[in-house]
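# Chains, contacts and geometry: an overview
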Amino acid sequence: MPIMTKATAETPEKVIVFGKPKSGKTYLTGLLAEHKKLIWLDLERGATTLRQLPLAWQENVDLWTVNDSPADSASLNLIKSIIRKKVNVCHKHSKVECVKCKKNEEPFSVIDLPNSDTDTVLVIDSLTGLSESTLNHVLKQSGLDITSKGEITFNHYGLQGSILSQIMAYIVALPCHVVCISHEKNIEEEATKKEFLTPIFGTKNLSRNVAKDFGHVVYCYVSNKKHKIMSRTSDATNKIVGSRTDVDCSSIGTIAPLLGIKIDGVEVNKAATDPVPP
């Protein structure tokens, strides 16, 4: 039996799209709605950007807007549930098995990610919001809240990291495509002491290493008032970017080929010629 088999267009791909605010991350990811059904977890109120998409594409976006509060880590609770099992989610609050909505006979929808396929893309917008929601949960368990900056200890960050690591293990195992959006963070690489821009994912250590769990890491930026992207290691000097395919997204303005979607004039090479750096 061969150790490895050639990847196909049906392989569920995992992608991070990161960059500064207003660098085009949400819109770039939203373009996938031309080809796939998107289950979009909006932790950052990005629905306005998605409304810029053609109406036909918007119909392919199953949007769930989640509102955290100091008393409720709603983003963490929703994501922990939907990545593990089939769930009923209320339309009004984006909560699993919402008691209030059941009582008031509000509408629910079923989300079944563990039994999904590559016709579906789970979008988490964003890892930054998920990180904050997780820390809020940890602090609440200690009788603190997110404003208690002076009282946050390494133990709190350790618990945050443990929860996020468990969540990531479930995410990378999902049978659907996954795109995680994140902001950027400047972090020193331990071995070389050189600073790199990385996606934000909880602690510095998690942010430094989160790229290892993804086949593709794409950076969004603005240059000469135009939105641009880079997805190949050779294009970046101080950014954690790269891809396990040989597709240069910067030249086509879409990440669709990273999911095995054929675009006219673009050849999708599934060989691991440009791996994501450690």
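Just so you know, these numbers come straight off a predicted model, no measurement behind them. (Residues numbered from 1 in each chain as written. Predicted model: local features only at pLDDT ≥ 70, side-chain atom pairs only at ≥ 80, totals over all residues. Heavy atoms only, no water.)

### What to know about the confidence of the model for the chain
Convention followed: On a range of 0 to 100, pLDDT expresses the predictor's confidence in each residue. Should any heavy atoms of two residues lie within 4.5 Å, those residues are considered in contact.
Per-residue confidence for the chain gives a mean pLDDT of 88, with 89% of residues at or over 70. Confidence drops under pLDDT 50 across residues 1-9; counting only partners more than four residues distant or on other chains, this segment forms four contacts. Scored below 50 in pLDDT, residues 269-278 makes 38 contacts in the model with residues more than four places away or belonging to other chains.

### A look at the side chain of S81
Definition in use: Runs of E in the DSSP output that reach at least two residues are strands. Runs of H or I that reach at least four are helices, and both are numbered from the N terminus. Only protein chains enter the accessibility calculation, which uses a 1.4 Å probe; a residue whose area is less than 20% of its type maximum is buried, one above 50% is exposed, and one in between is partly exposed.
Following the sequence through the fold, S81 ends up in helix α4 (residues 74-82). Exposure remark for S81: the relative accessible area of 17% places this residue in the buried category. Apart from the residues within four sequence positions on either side, S81 is in contact with V87 and V96.

### Remarks on the environment of S75
Considering the arrangement of structural elements, one finds S75 in helix α4. The class of S75 is buried, set by a relative accessible area of 2%. Considering only alpha carbons, one finds S75 and T65, ten residues apart in sequence, at a separation of 9.2 Å. Setting aside its immediate chain neighbours within four residues, S75 contacts L43, V66, D68 and S133.

### Quick look at the pairing of strand β11 (residues 226-230)
The test is simple: Pairing between two strands requires that DSSP report at least two bridges joining them.
Where strand β10 (residues 216-223) and β11 come together, five bridges link them in antiparallel fashion. In the strand pairing of β11, Y219 is matched with M230. Once β10 ends, the chain turns through two residues before running back antiparallel as β11, passing N224 with a positive phi of about 55°.

### Regarding the pattern of salt bridges
The test is simple: In the sections that follow, a salt bridge refers to a side-chain nitrogen of Lys or Arg positioned within 4 Å of a carboxyl oxygen of Asp or Glu.
Counted according to the given criterion, the structure contains two salt bridges. For E97, the salt bridge is made with K102, and the minimal N-O distance between the two is 2.5 Å. With a relative accessible area of 32%, E97 lands in the partly exposed category.

### Side note on the nonpolar core
We apply this condition: Only buried Ala, Val, Leu, Ile, Met, Phe, Trp, Tyr and Cys residues count toward a nonpolar core, and they belong to the same one when joined by side-chain atoms within 4.5 Å.
L41, I82, L122 and L130 are the most contacted members of the largest nonpolar core, which totals 43 residues. What L130 contacts, discounting residues up to four positions off in sequence, is L43, L76, I79, L164, I167 and F201. Listed in part, the 25 residues of the second largest apolar core include L50, V123, A256 and I261.

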